[in-house]
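Here is how the chains run, residue by residue.
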Amino acid sequence: MLGAIGLVLLAIACFATLDTATKISVTAVPVLMGVWFRYAFQAVATTAVLLPLHGTSLLRTAHPGYQVLRGALLLVTSVLAFLSLRYMPLAEFTAIVLIAPLAVTLLAATTLKEHVSPLRWALVAGGFAGTLVILRPGGGTFSWAILLPIGLVLTNACFQVLTSKLARTENPLTMHFYTGWVGTLIASVPLPFVWTALPSWQWWALLLMMGAGGTIGHFFLILAYQRAPASTLTPYLYAQIAFAMLGGWVMFSHIPDHVSLIGMGMIAACGAAGAWLTVRERRIPIEPAES
């Protein structure tokens, strides 16, 4: 059990590293170019590792259309994450996108007509209240850029609902394989129009770090869920807020103010409880909202 928790913490540290590197990269690398590199790295690395181990069974899926839709949803989520990180501090961004499990509850109740208990409605309300505390509508910190992470939450919630549907019949490694290649192929369409020569090798190293962060993070997450129940591990995903705060402090000298810290605490408490209830009822893991 402790080993599985350690793997989850390593995974979210990788995702926090990905987000930190992304925030640096968007100052010089076009967003679509960065997104393409992140997915291309995942696609190539996943194929190189998994295809020799599993052969053509890795490619078998009963729902190719859903696999494409799932990959497209995650690609849109990533584009919104890259754009969000151009304008927002790391910790605040991470806290807002981690309300995704609460948005899944709202989506399940409104579109899938699932029963939602009063406790879960209270957690949803608490999580969204925490978001408002961070955003402070009407205050100086509120701007149009806030719509980007909110859009990300919506696309990620759709991604999570579709993931839960596919997880009942599909191999998670197959899902991971198709996610990387669908994102790569779609992002390749506009790539010739946005490709830019980078000024130094350090930027290429940064892109490699982004690709490695996302790929290795997902690998650790799969290993963790193979070793312990999702209901045990999911609340630990919210430690990503702490990693994001550390990255923001070390790289950008940013420390959230007291009001933002209160909002983050509300999101972490309500989100972790809501996510735990979700995976306990459905017995499937919730993937963190990462870029």
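Residues numbered from 1 in each chain as written. Predicted model: local features only at pLDDT ≥ 70, side-chain atom pairs only at ≥ 80, totals over all residues. Heavy atoms only, no water.

### Observations regarding the overall build of the protein chain
Piece 1. When helices and strands are tallied, the protein chain shows 13 helices and zero strands.
Piece 2. In sequence order, the protein chain lays out its α and β elements as α-α-α-α-α-α-α-α-α-α-α-α-α.
Piece 3. Here the protein chain, with 291 residues, has 53% of them falling under the buried criterion.
Piece 4. Considering only residue pairs separated by 6 or more positions, the protein chain has 89% of its internal contacts joining residues 24 or more positions apart.
Piece 5. If you sum the accessible surface of the protein chain, you get close to 12700 Å²; carbon and sulfur atoms cover 73% of it. (Helix = DSSP H or I, 4+ residues; strand = E, 2+ residues; numbered from the N terminus. Buried < 20%, exposed > 50% of the residue type's maximum accessible area, 1.4 Å probe, protein only. Contact = heavy atoms within 4.5 Å. Areas by Shrake-Rupley, 256 points an atom, 1.4 Å probe, with all protein chains shown as cover.)

### Some words on the packing of helix H2 (residues 31-54) against helix H8 (residues 172-188)
When two helices pack together, their arrangement is given by the angle between the helix axes and by the axis-to-axis distance.
Piece 1. Relative to each other, H2 and H8 sit at 145 degrees, their axes nearing to 8 Å. Judged by the sense of rotation from one axis to the other, the crossing of H2 with H8 is left-handed. For the pair H2 and H8, contact is made by Trp-36, Tyr-39, Ala-40, Gln-42, Ala-43, Val-44, Thr-46, Thr-47, Leu-50 and His-54 and by Leu-173, His-176, Phe-177, Thr-179, Gly-180, Trp-181, Gly-183, Thr-184, Ala-187 and Ser-188, respectively.
Piece 2. For the contact of H2 with H8, a count of residues per class yields 10 nonpolar, 10 polar and no charged. (Axes fitted to C-alpha atoms, helices over the stretch in contact; angles between N-to-C directions. Left-handed = near helix turned anticlockwise from the far one by under 90°. Nonpolar A, V, L, I, M, F, W, Y, C, P; charged D, E, K, R; others polar.)

### A short note on the nonpolar core
Piece 1. Ranked by internal contacts, the top residues of the largest apolar core, which has 48 residues, are Phe-93, Leu-233 and Leu-237.
Piece 2. With seven residues, helix H1 (residues 2-25) is the largest single contributor of residues to this core.
Piece 3. For Leu-233, the residues in contact, after removing those within four places along its chain, are Ala-4, Ile-5, Val-8, Ala-224, Tyr-225 and Ala-228.
Piece 4. In this structure, Val-35, Trp-36, Ala-187 and Leu-206 belong to the second largest nonpolar core, which totals 26 residues. (Core = buried A, V, L, I, M, F, W, Y, C linked by side-chain atoms within 4.5 Å.)

### Thoughts on the packing of aromatic side chains
Piece 1. By the definition in use, this model includes six aromatic pairs.
Piece 2. Measuring from ring centre to ring centre gives 6.3 Å for Phe-37 and Trp-204, while their planes differ by 55 degrees; the resulting arrangement is tilted. Taken together, the residues Phe-37 in helix H2 and Trp-204 in helix H10 (residues 201-227) connect sequence positions 167 residues apart.
Piece 3. We classify Phe-37 as buried; its relative accessible area is 16%.
Piece 4. Looking at Trp-204, the relative accessible area reads 31%, which means it is partly exposed.
Piece 5. On the numbers, 5.9 Å between centres and 40 degrees between planes, the contact of Trp-195 with Trp-204 is tilted. (Phe/Tyr/Trp six-rings, centres within 6.5 Å; stacked < 30°, edge-to-face > 60°.)

### A closer look at the side chain of Glu-92
Piece 1. Here Glu-92 is to be found in helix H4 (residues 90-97).
Piece 2. On the basis of relative accessible area, Glu-92 is assigned to the buried category, the value being 7%.
Piece 3. A distance of 3.1 Å separates the side chain of Glu-92 from the side chain of His-254, its partner in a polar contact.
Piece 4. Those residues in contact with Glu-92 that sit more than four places away from it in its chain are Ile-134, His-254, Pro-256, Ser-260 and Met-264. (Polar contact = N/O pair within 3.5 Å; in protein donor to acceptor, adjacent residues only side chain to side chain.)

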